[in-house]
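# Structural overview for review
These are the residues of each chain, in order.
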Amino acid sequence: MGSGDSEMHVLAVDDSSVDRAVIARILRKSKYRVTAVDSAERALEILEMEPSVDMIITDYCMPEMNGYELLRKVKESRQLREIPVVIMSSENVPNRITRCLEEGAEDFLIKPVRPSDVSRLCGRIRH
Amino acid sequence: MLMICYSLYLIHNLVLLRYHLLDCYYIEKSNRMDYVNTRRQAASMRKCLFDQGYLDEQFYQLEDLQDDASPNFVEEVVTLFFRDSLRLMANIDQSLDKCAKDFNKLDVYMQQLKGSCTSIGASKMKTECTVFRDYCRDENIEGCMRSFQKLKREHSVLRQKLESYFQLLRQAGPIECATRPSK
């Protein structure tokens, strides 16, 4: 996993076009390479083709497969499980947060996500 | 004689040059004043949007994300918002029209809409989304309908105001245009 010292590649997953645009912009402005997709299913397709993703940042509430289910799929995969997964949600539901962190999520962010949230995360992941 | 004619010719050209330079000066000054006035109008409009509670500080966050690499970012995101919100509101309208009200579905749609409102800083709309969701939880259909009508009005007003604001910004253009004399 990972691109070492070169540009970090982040996979952003959100079914909301507004939130996808915002998170992609925050990441690009922080000089990360971004692939933004609108569903967990599409995210898994991308990961199959390009497993060298440095971080996944995904919305929790999505139709079909939600962010928690995506997290589980990633952590169950031998190829993908080392990739840090960050969950985002507009709702602060303690049980949801606990469940995601116990499943191995790197962090759980409450929307709207700020550039400072992203730099803190990515700084931690680089180290 | 030839010298006199040549001198007159030079003087004539100098006078023409003087008027030309004066023209350029006044055109540039006028362009700058137009730019400044339009920008001032846009700034005033923007301030009203915040003062009247239509927008909150999340809109500042969007503005901070705009730069030379993405010079129209805020307008692009706002355009996406109005496109998505119209779709969601159409879904809510359809669901409310049905005889059997599915409050769970209504709540899901409204949660999505609220999320988008939060992301662009659409404060009044966000508040009304919360009111609607409270009515959903209580399965109060009249409350939902009243709240939804209010939400539609807030949406329409915000859209109008933001469209006018972005139109003014586009009219003003970047500062470089203000210094270029118009033809």
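Overview of the structure.

## Section: the overall build of chain A
Within chain A, the secondary structure is distributed over five helices and five strands. For chain A, the α and β elements follow one another from N to C terminus as β-α-β-α-β-α-β-α-β-α. What you see for chain A is a C-alpha radius of gyration of 13 Å, in line with the 14 Å of a compact globule of 127 residues. Taken over the C-alpha atoms alone, chain A extends approximately 35 × 30 × 25 Å along its principal axes. For chain A, buried positions account for 54% of its 127 residues. For chain A, long-range pairs separated by at least 24 residues make up 61% of all intrachain contacts whose partners lie at least 6 apart in sequence. Surface summary for chain A: the accessible area is close to 6,000 Å², and the carbon and sulfur share equals 44%.

## Things to note about the interface of chain B and chain A
Facing 23 residues of chain B, the contacting portion of chain A comprises 15 residues. Across the chain B/chain A interface, buried area totals approximately 1,500 Å², and carbon plus sulfur atoms make up 54% of it. The three residues of chain B that bury the most area against chain A are Leu65, Gln111 and Ser119 of chain B, which together make up 31% of that side's buried surface. Taken together, the links from chain B to chain A amount to four salt bridges. Its salt-bridge partner being Arg133 of chain B, residue Glu91 of chain A comes within 2.9 Å of it at the nearest N-O pair. At the junction of chain B and chain A, the tally comes to nine residue pairs in polar contact (both at pLDDT 80 or more). Among the secondary structure elements, those contributing two or more residues to the side of chain B that touches chain A are α2 (58-65), α3 (73-97) and α4 (103-120) of chain B. In terms of residue class, the side of chain B that touches chain A is made up of eight nonpolar, nine polar and six charged.

## Details of the sheet that holds strand β2 (residues 33-37) of chain A
Residues and elements named next belong to chain A. Here five strands make up an open sheet; going across it, the order is β2-β1-β3-β4-β5 and the pairing parallel. Strand pairing shows two members of the sheet lacking a second neighbour, β2 and β5 (107-110), which therefore form its edges. When strand polarity is set aside, the average angle formed by the axes of neighbouring strands in this sheet is 20°. One ladder, built from four bridges, connects strand β4 (residues 85-89) with β5; its direction is parallel. Paired with Val86 across the two strands is Asp107, which belongs to β5. Those strands touched by helix α1 (residues 17-29) are β1 (9-13), β2, β3 (55-59) and β4, and its axis lies near 170° from that of β2.

## Observations regarding helix α4 (residues 94-102) of chain A
Note on helix geometry: an α-helix contains 3.6 residues per turn, so any two residues three or four positions apart are oriented the same way. Residue and element names in this part refer to chain A. Listing the buried residues of α4 in full gives Arg96, Ile97 and Cys100. Buried residues of α4 fall within an arc of 100° about the axis and therefore sit on the same side. In α4, the exposed positions angled more than 90 degrees off the buried face are occupied by Pro94, Asn95 and Glu102. On its buried face, α4 sits against α3 (67-76), β4 and β5. Positive backbone phi, approximately 110°, marks Gly104, located one or two places after α4.

## A short note on the pattern of salt bridges
Two side chains bearing opposite charge may form a pair once their charged atoms approach each other closely. Enumeration over the complete set of coordinates arrives at 24 salt bridges over all chains. In this structure, the salt-bridge partner of Arg120 of chain A is Asp107 of chain A, at a minimum N-O distance of 3.2 Å. Here Asp107 of chain A lies in strand β5 and Arg120 of chain A lies in helix α5 (residues 115-126), a separation of 13 residues in the sequence. Overall, the relative accessible area of 41% leaves Arg120 of chain A in the partly exposed class. Here Asp51 of chain B ties to Lys47 of chain B by a salt bridge, and the two come within 2.7 Å at their closest N and O atoms. Taken together, the residues Asp51 of chain B and Lys47 of chain B, both in helix α1 (residues 2-51) and four residues apart, mark about one turn of the helix. Side by side, Asp51 of chain B and Lys47 of chain B carry an identical accessibility label, which is exposed. Each of Asp14, Asp19, Asp59 and Lys111 of chain A takes part in salt bridges that share partners, so that together they form one network.

Cut-off values and rules
Residues numbered from 1 in each chain as written. Chains lettered and ligands numbered in written order. Predicted model: local features only at pLDDT ≥ 70, side-chain atom pairs only at ≥ 80, totals over all residues. Heavy atoms only, no water. Helix = DSSP H or I, 4+ residues; strand = E, 2+ residues; numbered from the N terminus. Rg over C-alpha atoms; globule rule 2.2 N^0.38 Å. Buried < 20%, exposed > 50% of the residue type's maximum accessible area, 1.4 Å probe, protein only. Contact = heavy atoms within 4.5 Å. Areas by Shrake-Rupley, 256 points an atom, 1.4 Å probe, with all protein chains shown as cover. Buried area = accessible area lost by both parts, 1.4 Å probe. Salt bridge = Lys/Arg side-chain N within 4 Å of Asp/Glu carboxyl O. Polar contact = N/O pair within 3.5 Å; in protein donor to acceptor, adjacent residues only side chain to side chain. Nonpolar A, V, L, I, M, F, W, Y, C, P; charged D, E, K, R; others polar. Pairing = 2+ DSSP bridges. Axes fitted to C-alpha atoms, helices over the stretch in contact; angles between N-to-C directions. Arc of directions from axis to C-beta.

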